[in-house]
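Residue-level listing of the chains:
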Amino acid sequence: MAGHEFSEPADRKRKHIAADPVSAADLRAVEQTRMPCDPAFRHGVVVGFDGSTSSERALAYAIGMARRSGSGLIIVHVANRLPTTVWAGCEPPVFVDVPDHRTEVLGLELACADYLAEVPWILVERGGDICHELEEVGREYSADAIVVGSTHGIVGRIFGSVAGRLAKRAQRPVVVIP
């Protein structure tokens, strides 16, 4: 079983959340407006995927993990967000969602992949901070684990890797594939 789930863009998804402190009733209302996740993928394996070599290795490991546990695979692609500085009055940076058609391309590539025929899977698109979004998808699906590829190169060393930040803050097991 193969499928795709293209959730709402980040700006529409979070439009209901106010900047002021939110009451518990407001949080429940926001949660109810979200699309419910497919119960067939509860307790599945979440994997971050962007088409890079390290994310392909993570996907291969996650497929094996989902197959061995008899669960579904939740493939997550987090779209880019670019910081733009608001120059008037030294306001904090504003993040702008950049249209990312890469998810559609990745979805088509994954749909044609023979190696995904072994497990049920869905593709979820999110926008925002990669660590936060992977953990959020893991929470929504009550995932048993999150699998990510390691970051190589100077960017990961300067800004910190996604895998390192996720391993520090996640509420579920994180598997980092080199």
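Computed from a predicted structure; not experimentally measured.

J.: Would you explain the environment of Ile122 in this entry?
T.: Considering the arrangement of structural elements, one finds Ile122 in strand S5 (residues 121-127). With a relative accessible area of 7%, Ile122 lands in the buried category. In the structure, Ile122 is positioned 12 residues away from Leu110 in sequence and 9.7 Å away in space, judged by C-alpha atoms.

J.: Explain helix H4 (residues 102-111) here, please?
T.: Since the α-helix turns once every 3.6 residues, residues separated by three or four places project in the same direction. Taken residue by residue, H4 has Thr103, Leu106, Gly107 and Leu110 as its buried positions. Mapping the buried residues of H4 onto a view down its axis gives an arc of 105°, with all of them on the same face.

J.: Is there a simple way to explain the sheet that holds strand S7 (residues 174-177) in this structure?
T.: Sheets are built from strands that pair by backbone hydrogen bonding, the pairs being arranged parallel or antiparallel. Ordered in space as S5-S2-S1-S6-S7, the five strands form an open sheet in which the pairing is parallel. With one partner strand each, in any of the chains shown, S5 and S7 form the two edges of the open sheet. Across the sheet, the mean angle from the axis of one strand to that of its neighbour is 25°, orientation sign disregarded. Where strand S6 (residues 145-149) and S7 come together, four bridges link them in parallel fashion. When the bridges of S7 are listed, Gly149 appears paired with Ile177. Strands in contact with helix H3 (residues 53-69) are strand S1 (45-48), strand S2 (73-79), S6 and S7; relative to S6, the strand with the most contacts, it is inclined by about 150°. In the packing of helix H5 (residues 130-140) onto the sheet, the strands contacted are S1, S2, S5 and S6, and the crossing angle to S5 comes to about 135°.

J.: What's the story with the side chain of Arg126 in this structure? I'm lost.
T.: Relative to the elements of secondary structure, Arg126 occurs in strand S5. A polar contact is formed between the side chain of Arg126 and the side chain of Glu140, at a distance of 2.6 Å.

J.: What's the story with H5 in this structure? I'm lost.
T.: Burial analysis of H5 places eight of its 11 residues in the buried class, which makes it a mostly covered element. Those residues of H5 that fall on the buried side of the exposure criterion are Cys131, Glu133, Leu134, Glu135, Glu136, Val137, Gly138 and Glu140. Positive phi appears at Ser142, one or two residues downstream of H5, with a value of about 50°.

J.: I'm lost on unusual backbone geometry in this one. Help?
T.: Both trends apply: most residues other than glycine have a negative phi, and most peptide bonds are in trans. Unusually for a residue other than glycine, His43 sits at a positive phi of about 60°. Within the secondary structure layout, His43 lies in the loop between helix H2 (24-33) and S1. For Ser142, which is not glycine, the phi dihedral falls at a positive 50°. Along the polypeptide, Ser142 turns up in the loop between H5 and S6.

Reading the values: rules and limits
- Residues numbered from 1 in each chain as written.
- Predicted model: local features only at pLDDT ≥ 70, side-chain atom pairs only at ≥ 80, totals over all residues.
- Heavy atoms only, no water.
- Helix = DSSP H or I, 4+ residues; strand = E, 2+ residues; numbered from the N terminus.
- Buried < 20%, exposed > 50% of the residue type's maximum accessible area, 1.4 Å probe, protein only.
- Arc of directions from axis to C-beta.
- Pairing = 2+ DSSP bridges.
- Axes fitted to C-alpha atoms, helices over the stretch in contact; angles between N-to-C directions.
- Contact = heavy atoms within 4.5 Å.
- Polar contact = N/O pair within 3.5 Å; in protein donor to acceptor, adjacent residues only side chain to side chain.

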